[in-house]
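What the coordinates show
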Amino acid sequence: MTNLTDPWVSHPATQAVCRALTDDGAQALFVGGCVRNALLGVAVSDIDITTDARPERVVRLAEKAGIKAVPTGIDHGTVTLVRDGIPHEVTTFRRDVETDGRRAVIAFSTRIEEDAARRDFTMNALYARPDGTVLDPLGGMDDLRARRVRFIGNAQDRIREDYLRSLRYFRFHAWYGDPEAGFDPEALAAIAADLDGLDRLSRERVGHEMIKLLAAPDPAPSVAAMRSTGVLAHLLPGADDRALAPLVHLETLAGTGPDGLRRLAALGEDLTPALRLSKAQARRIERMREAAIGAASASELGYRLGSDLGYDALLLRCALFERAWQTDWKQALTRGESAEFPLSARHLMPRLQGPELGAELARLEALWIDSGFTLGRAELLSRAK
């Protein structure tokens, strides 16, 4: 028998939430990501609990136990119970009544088997009792141990219930799959056969899923599989993943962590409209790519963009143009970021005005940058036109 032993399982707040349900005869089972991650030895960020109690009963039992109940998705059976500042998302067992590829009409259930059958992958259909005992109604444990991402039942049926599952398949493989074992042929065939269904997804959902996929330790194999099935071109016309694997390698050399937006920038330009990113995200990608294809030195990038964005641009430049990473760039970026141009417009006025003033300031700034930020105000003024 397999048991969860992570500290969050026995935390007093979490056990109190479980007791609020079970003391009244309801079931309380941990489910999904918290169970999967605990079994894989991966950090658990969210605690999901499923129960046979209806949402209104969950609220009533929580209030009786002095636990705050927030109806975060009560129409779909979800209530968030907060104890000692720790949120626990409690959802009633459900079964699908009708699906259209984006949303499902659900009915509440009292059977764990029905709740498990409506989930996406076998590794996400693992449950655990409050004492940590793992329940495996669909045989997902063997897949989890093998790090095999496999759809529950018929892959095409699961995809047609929600076409986002095609993208989730690649994301889950990037995070939890065995890269040596490769991809499930049935899953890839089902995904490739239903590309048009991806058009039903909102660009926000696609963008959110892509960034989470690209933030995996090494998303390159999953993105390559997306390309081979036609998903990448369907969602992001013009995307090219050739620089992605080199970028992942360079990030390791440079000692920096994964970054979904940096890796998205490596896939090509003009991709952000297809994903409907935030203005801040789109602007960051735009500035990163502009700097990467330019010729500015590391110190100039630090001065103009700051060390963080300059670092991104240099990594991207090396990946796109097959250049070697230089260990002294980090110091140069920091030096540039702290540099302050000693001139301002008032130093050249009133002799120069308007466009001539701007052009001369830019010329002197370039001289100052080329000097390694060493030229002082007097030296620069002596070179002014």
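Residues numbered from 1 in each chain as written. Predicted model: local features only at pLDDT ≥ 70, side-chain atom pairs only at ≥ 80, totals over all residues. Heavy atoms only, no water.

1. Considering unusual backbone geometry
Omega for the peptide link from Met349 to Pro350 comes to 5°, which places this bond in the cis form. Structurally, the position occupied by Pro350 is in the loop between helix 18 (329-338) and helix 19 (354-370). Look at Asp84: it is not a glycine, yet its phi comes out positive at around 55°. Of note, Asp84 is situated in the loop between strand 4 (78-83) and strand 5 (86-92). In this structure Asp84 comes out as exposed when scored by relative accessible area, which is 59%. (Helix = DSSP H or I, 4+ residues; strand = E, 2+ residues; numbered from the N terminus. Buried < 20%, exposed > 50% of the residue type's maximum accessible area, 1.4 Å probe, protein only.)

2. Considering the side chain of Gln15
Mapped onto the secondary structure, Gln15 falls in helix 2 (residues 12-22). The contact partners of Gln15, leaving out residues within four places of it in the chain, are Val9, Ser10 and Pro130. (Contact = heavy atoms within 4.5 Å.)

3. Considering the nonpolar core
Formed by 96 residues in total, the largest nonpolar core has its most connected members in Phe30, Ile49, Tyr169, Phe170, Met210, Val231 and Trp325. With 8 residues, the single largest contributor to this core is helix 17 (residues 307-321). Once you skip the residues sitting within four places of it in the chain, Met210 turns out to touch Leu167, Met226, Leu236, Leu267 and Leu275. (Core = buried A, V, L, I, M, F, W, Y, C linked by side-chain atoms within 4.5 Å.)

4. Thoughts on helix 13 (residues 244-254)
Restricting attention to buried positions, one finds in helix 13 the residues Leu244, Leu247, Val248, Leu250, Glu251 and Ala254. Buried positions in helix 13, seen along its axis, are confined to an arc of 165° and lie on one side of it. Projecting away from the buried face of helix 13 at angles above 90 degrees are the exposed residues His249, Thr252 and Leu253. Contacts from the buried residues of helix 13 go to helix 10 (203-214), helix 11 (220-229), helix 14 (260-265) and helix 17. Immediately downstream of helix 13, the backbone of Gly255 shows phi near 75°, a positive value. (Arc of directions from axis to C-beta.)

5. Describing helix 16 (residues 298-305)
For helix 16, the complete set of buried residues consists of Ala298, Ser299, Glu300, Leu301 and Gly302. Buried positions along helix 16 lie against helix 15 (279-293), helix 17, helix 18 and helix 19. Where helix 16 terminates, the next one or two residues include Gly306, which has phi positive at roughly 90°.

6. A closer look at the packing of helix 8 (residues 164-176) against helix 9 (residues 185-193)
To describe two helices that pack against each other, one gives the angle between their axes and the distance between the axes. At a closest axis distance of 10 Å, the pairing of helix 8 and helix 9 adopts a crossing angle of 145°. Between helix 8 and helix 9 lies a crossing of left-handed hand. Contact residues: Ser166, Tyr169 and Phe170 in helix 8; Ala187, Leu188 and Ile191 in helix 9. Residue classes in the contact of helix 8 with helix 9 are distributed as 5 nonpolar, 1 polar and no charged. (Axes fitted to C-alpha atoms, helices over the stretch in contact; angles between N-to-C directions. Left-handed = near helix turned anticlockwise from the far one by under 90°. Nonpolar A, V, L, I, M, F, W, Y, C, P; charged D, E, K, R; others polar.)

7. A short note on the packing of aromatic side chains
One pass over the structure, following the stated rule, counts 14 aromatic pairs. A ring pair is formed by Phe151 and Tyr169, whose centres lie 5.6 Å apart and whose planes are at 15°; its orientation type is stacked. Here Phe151 is found in the loop between helix 6 (140-145) and helix 7 (155-161), whereas its partner Tyr169 is found in helix 8, with 18 residues between them in sequence. Both residues of the pair, Phe151 and Tyr169, belong to the buried class. When the centroid spacing of 5.3 Å and the interplanar angle of 80° are considered together, the rings of Tyr311 and Trp325 count as edge-to-face. With Tyr311 in helix 17 and Trp325 in the loop between helix 17 and helix 18, this pair connects stretches of sequence that are 14 residues apart. Given the relative accessible area of 13%, Tyr311 is considered buried. Clustering of aromatic rings is evident, with ring pairs tying together Phe121, Phe151, Tyr169, Phe170, Phe172, Tyr176 and Phe183. (Phe/Tyr/Trp six-rings, centres within 6.5 Å; stacked < 30°, edge-to-face > 60°.)

8. Observations concerning the environment of Asp136
Mapping Asp136 onto the fold places it in the loop between strand 9 (134-135) and helix 6. When the C-alpha atoms of Asp136 and Thr256 are compared, they prove to be 38 Å apart, with 120 residues separating the residues in sequence. Not counting residues within four places of it along the chain, the set of residues in contact with Asp136 comprises Leu126 and Met141. Of the polar contacts made by the side chain of Asp136, one reaches the backbone nitrogen of Gly139; its length is 2.9 Å. In this structure the side chain of Asp136 is engaged in a polar contact, spanning 3.1 Å, whose partner is the backbone nitrogen of Met141. (Polar contact = N/O pair within 3.5 Å; in protein donor to acceptor, adjacent residues only side chain to side chain.)

9. Notes on the state of the cysteines
Across all of its chains, the model carries 0 disulfides by this definition. Take Cys18: it sits in no disulfide, and the sulfur closest to it among the cysteines is that of Cys34, at 9.7 Å. Among the residues examined, Cys18 registers a relative accessible area of 2% and is labelled buried. (Disulfide = S-S within 2.5 Å.)

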